[in-house]
Amino acid sequence: MSAGWELTLKVKSINKKWKLEKPMTFLDVLLFFMIAVICFFTFEHSDILHTAGSSFGYLNGHFLDFYEYNGEFGLYDSYMPITYLTFALWNIPLRLFGIVTEPTQVVPVFVVMWYKLLPVLLYFLSGWIVYKIALEMNMGRKKAKICAYAYLTMPIGFFSQFIFGQYDIFTLFCMLLGYYYYLKGKNKYFILFFALAIPYKYFALLLFVPLLMLKEKNIWKILKSIILVGIPYLLQYLLYYNSEVFKEYVLGFGVTGYAFAAGLDTGAATISYVIVVWLLIAAWSYFERPDQKAGVIKWSLFLVGMVGFCIFGLSQWHPQWLLLIVPFFVLSAFLNQNTKIFMIIDILWMLFFVLFTVNYWYGRVDENLILYGVLGEKFGSGISYKTTMRDILILKDMNLINSAFTFLLLVSAVFKHPKFCVKEFSQKVDDCMGWIRARFLGGLAIFLVPAFLCFVTALTPPFMTFKTEKPYEHISGMIDRKVSQVFIPQKGVVEKIEFMLGTFRRSNDVTLNIDVVDKETERLVYHEELNMKEYDRDTWITLETGGLCLSPKKEYRIDFSCYDAAGDNCITLFRTQDRKNQKNGYVIEGGEILPYNLCIRIIETN
Amino acid sequence: MIEKPLKKIDYILFGIIAVACFLTFQQGDIMHTAGCSYGYLQGHFLDFYDWDANAYNMWPSYMPSTYLIYAIWNIPMKLFGIVTKPERYAAFWVIMWYKLLPVSLYMISGFLIYKIANVIGMGGKKAKICAYVFLTTPIGFFSQFMFGQYDIFTIFLVLLGIYYYFKDNKKLFILFFALSIPFKYFSLLLFIPLLLLKEKNIWRILESTILVALPYLLELVLYIGSPVFRECVLGFGATSYVYNASINTGSVSLSLVIMAWGMICAWAYFKNLNTQTDFAQWAFYLCSLVIAVIFGLSQWHPQWLLFAVPFWVLGAFLHRDTKIFLALDLLMMLIYIIFTVNTWPNHVDQELFSWGIFGDYIYKDIGSKLMMRDIFVITDMDMICSIFTALLFIIAAFKHPKYCLSNIATSVDHCIGWIRGRFLGGIAIFVIPAVICFIVAAVPPYVSLNAYQDLSATNGLINSQVAEVFTPKREILEQIQFKVATYQRENKIELEINVVEHETNHIVYSTTIDGSTLKDNQWVKINTGGVEIDPSIQYRIDFACYDGSANNCISLYRTREKEKIEKEDKKAKPDISYAIVEGRPQNYDLCVKVFERDK
């Protein structure tokens, strides 16, 4: 028996064991898991550190004063309590074993992976629910499995979960359960799971109302269901309404205002396209009366798709949010007469999604996602110093990119109208398997290949070894004043020091003295005087130090001082937000250690 | 003849509430319009506009039809010598006389709705319910009995036109629309699609369009020589509202209202119909779309919405789900009132009491101690307007004939609960908060300054002071309130507050507040214990802080620039308060409220 034949038999036996049916094979599953595991460990966004880190407030017994308590640790939480409660439950082992004992964003990488594991597990479970929903739709086992696989491998969803690593899946998981029971005709569970989903992300309410009104035409029952679905949200709202931090950060969370950005100025007010279109969709669902279950399925997916277009096509979005509509777009594609074209559109969709993301969240949601993965330690404070994904992907015209993205959303939504659907939901999609695979591999490659290139170039010197967070505010005028930033060199030879200068929008004829001093011995190792007259706008200043040799792992101080300024002729420096537990650097002024950094970058070679 | 499900009590309730609102609420515009009409009664026909403007400083802004109608109505006033010349203000019973004319036409319009409903085949019983629903539509009822305007002149004629439209009497259809256009131009926007729906011959369309414009043209030709007519009537700003919502192509802005209306007209032309039912369904569908376009895509004034009411109601009665539109009417009323009381604060809100029968109890000045907008809480007009526009389009789009009844006479008896709930609930949305405001206003202390709408915080008070200048209206200063920003921190500073006579700097009241007790965005209340002040002079409230630093200071909130406020509300009362910041008078207020009472 040849080796090839043996391998074929082995694959066949595994296929049988896993109950995989052609055209899906064990290799498809293996490939998915391999890439998922690699991405799981390699990429992560920092938001989860804040959110999961905040949850320890609950584990420290601060239930009603949760938001205030976390504020003491510099963590100002902007989600409703349910997200933190979910993470609190998940983090009980960390707290019990004393690995993390207080709200913090500074945790080892394995803790980050622990945090990430929860949403990833829910992502897999969601795949199973998609399978159950597909079965409920009478797609048949085989097609339902392919549908679930197409959901799990949908590039934008995969990116959101394994690369960006956020927790929108909490909402989606509850919504999918709600939708499953909606199709099963179990109204109570439909309301229950949507009610649970809403406090995670309000988006769920925007799907709930049209879905409800598609089935329910009695006004009182509609009102009752809407009240019921709002109860968990209202309960949390009432529990925390007295908290100032809650009011400011949760109720004042700016992103809910995105819905008003795209609007029509009528003179009296600006009419939000999102609100108008969404209400029209909701009304459409009320006036539409599908007579059979198949009609409900087709119309519900079509209307949900339209809501998806309305929210993400007509207002600003964050990359992780798109996950919320992925299963509905996949399910509706599988009911369409032409499933294949939507698999192709998904690749294009991913292309414009990545282009938009790496350009709009430049320095955050791009190659920088590697920094919070297991390889992040290698890059100290920066990976973007030499090459960035946006440079590699070239296209930077955001209007064009976003127009294309919105257009693709619209196409993906509109052409799922019930009249374009198959009559028999179990109609085969075997011929789409090639495109499903290409969509997964090709779609991910759009992000992974440029990210990998950035990774490789960042491994060669010089390195950005110290980089503080984004500018928060200026430190007020530098008038007869000295402010110092402490840092620890990583490589030994400082090539450049960059800092952010504030000018108060004028040209200031003052001299800024910059001294690098050994903090322990007070020995001056570098001195520079810069005249500030040429700068009249806030800007990053680069100081070429010409290869300043310092001892790695030892603390140094950069002293910024200015002694010839006045009230209307002075510069300032920018600082980061207050953070407790500053590990790598901090500011000293008047002998006092302050809980923030100046906005500084240090570039070193070995 | 009252037929079930309508009962005698329904009519009695309507009558009682209508009379109560008729007497209690009124807006001031009617005094200007009806007051202007005496120019005609003084014999100034061709120089009407110039005479009113030059002799009485009253600047009419409507076409002559409106003033002529009022002139005829006011003949008894002139004959009995109650009012003999154009006057801006009028006594209560004179206002009620003015108001009686549009209210009578409103009631007759209800009868016309009944007639139209009958003509299109609803049958007597359903037609009566339809007329009742028209009369009790909250927005229409508010427009007529509370706001008390005269848009009903247009509607009355339009309804007559529509009645003859369905009676296939083209001449009278054109005639009544022609008469309505000089009252308000809206009717032309309905006339064209209605005409095109029936008439496909281009020459006849042109002929009808010319005929319908004749009365307007006649009035235009008669008065075009008048500079006041040209400035105030032809230059009336509201007609340009249709250009606000547009698509900028780079070279010009394409008006969405004009484009959408044009498309509706074209749709009407290309639609070929046969039966009376089809005509009724398409006519009301297209009219509803026109209404959605003109009120949904451009700015509107509260009383204009009355124009839409007959079409909403008749359209709903042709629909297979009448009930949902009755429920939506309630929602519409809520959004409409929130928009109105926020967009026209101290004008179209609790202020409507001022010209009603109880106006004298509050000295024709209800003040702003508690405003209806405070009760409704929501002040985000973008959201409110978005919802309103969406509702307008929902009410129009889903009245497409495919959603309509095949048998127009299908009973709507099961909707009677919603019809009653819609009337009582809808009216309560305005009346209850208005009454609460009235009660609050009727007890001292009274608000004399209410700069409540914050725009942003002023610069931090670091070794500096800001001030608010105001003129009292009563003799005792009871309380001062102001809004502070603490930057979400505890500031260890002392805030000094002095009330001084602005000219002499003589201190009449002084206090200090520990800055660490202040909360971010808090309205701080200071009870002065009753300081005597002189309403004939200006006072200044100085807020000073002689310590503080960048990270340890508070600041006060300020309002928007005043020009903007005045532009939005030209009829706002003259404001004599202002802030002083960095030693210079500013064109805005600090967010300060001053409460006073009589001695």
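Colleague: Could you clarify how one ought to interpret the overall build of chain B in this entry?
Modeller: A tally of helices and strands in chain B yields 22 helices and 14 strands. Here the C-alpha radius of gyration of chain B, 27 Å, is about what a compact globule of 599 residues would show, namely 25 Å. Expressed as a percentage of its 599 residues, the buried residues of chain B come to 57%. Counting only contacts in chain B whose residues sit at least 6 apart along the sequence, the fraction spanning at least 24 positions is 81%. Here chain B has roughly 24200 Å² of accessible surface; of this, 60% comes from carbon and sulfur atoms.

Colleague: Explain the nonpolar core to me, please; I cannot follow it from the model alone.
Modeller: Grouped burial of nonpolar side chains is what soluble globular proteins tend to show. In this structure, Tyr115(A), Met137(A) and Phe141(B) are the most contacted members of the largest nonpolar core, which totals 364 residues. Beyond its immediate stretch of four places on either side in the chain, Phe141(B) contacts Phe14(B), Ile17(B), Ala18(B), Cys21(B), Tyr106(B), Leu135(B), Met146(B), Phe423(B) and Ile427(B). Residues Leu512(A), Tyr526(A), Leu598(A) and Ile600(A) belong to the second largest nonpolar core, which totals 35 residues.

Colleague: Would you mind showing me how to read the sheet that holds strand β13 (residues 584–585) of chain B here?
Modeller: The strands that make up a sheet are held in pairs by hydrogen bonds between backbone atoms, and each pair lies either parallel or antiparallel. Residue and element names in this part refer to chain B. Taken in spatial order, the six strands of this open sheet run β8-β7-β10-β5-β12-β13, and their pairing is antiparallel. Among the strands making up the open sheet, the edge pair consists of β8 (507–514) and β13. As judged from the two bridges shared by strand β12 (residues 578–581) and β13, these two strands associate in the antiparallel manner. Following the sheet pairing, Ile580 is matched in β13 by Pro585.

Colleague: Whenever I open this one, the pattern of salt bridges confuses me. Can you help?
Modeller: Any two side chains of opposite charge can pair, so long as their charged atoms come close to each other. Going through the model one piece at a time under the given rule, you end up with 36 salt bridges over all chains. Among the charged side chains, a salt-bridge network with shared partners connects Lys482(A), Glu522(A), Arg557(A) and Asp559(A).

Colleague: I tried to follow unusual backbone geometry on my own but got confused; where do I start?
Modeller: Working note: non-glycine residues mostly have negative phi, and peptide bonds are mostly trans. With an omega dihedral of 0 degrees, the bond running from Pro461(A) to Pro462(A) counts as a cis peptide bond. Among the structural elements, Pro462(A) can be located in the loop between α22 (433–458) and β3 (463–467). Each neighbour pair has its own omega, and for Lys4(B) with Pro5(B) the value is 10 degrees, a cis peptide bond. Position of Pro5(B) among the secondary structure elements: in the segment before α1 (8–24). The backbone of Asp480(A) shows a phi angle near 45 degrees, a positive value even though the residue is not glycine. By the element assignment, Asp480(A) lies in the loop between β4 (473–474) and β5 (481–487).

Each value, and the rule that gives it
- Residues numbered from 1 in each chain as written.
- Chains lettered and ligands numbered in written order.
- Predicted model: local features only at pLDDT ≥ 70, side-chain atom pairs only at ≥ 80, totals over all residues.
- Heavy atoms only, no water.
- Helix = DSSP H or I, 4+ residues; strand = E, 2+ residues; numbered from the N terminus.
- Rg over C-alpha atoms; globule rule 2.2 N^0.38 Å.
- Buried < 20%, exposed > 50% of the residue type's maximum accessible area, 1.4 Å probe, protein only.
- Contact = heavy atoms within 4.5 Å.
- Areas by Shrake-Rupley, 256 points an atom, 1.4 Å probe, with all protein chains shown as cover.
- Core = buried A, V, L, I, M, F, W, Y, C linked by side-chain atoms within 4.5 Å.
- Pairing = 2+ DSSP bridges.
- Salt bridge = Lys/Arg side-chain N within 4 Å of Asp/Glu carboxyl O.

Keep in mind these values describe shape, not function.
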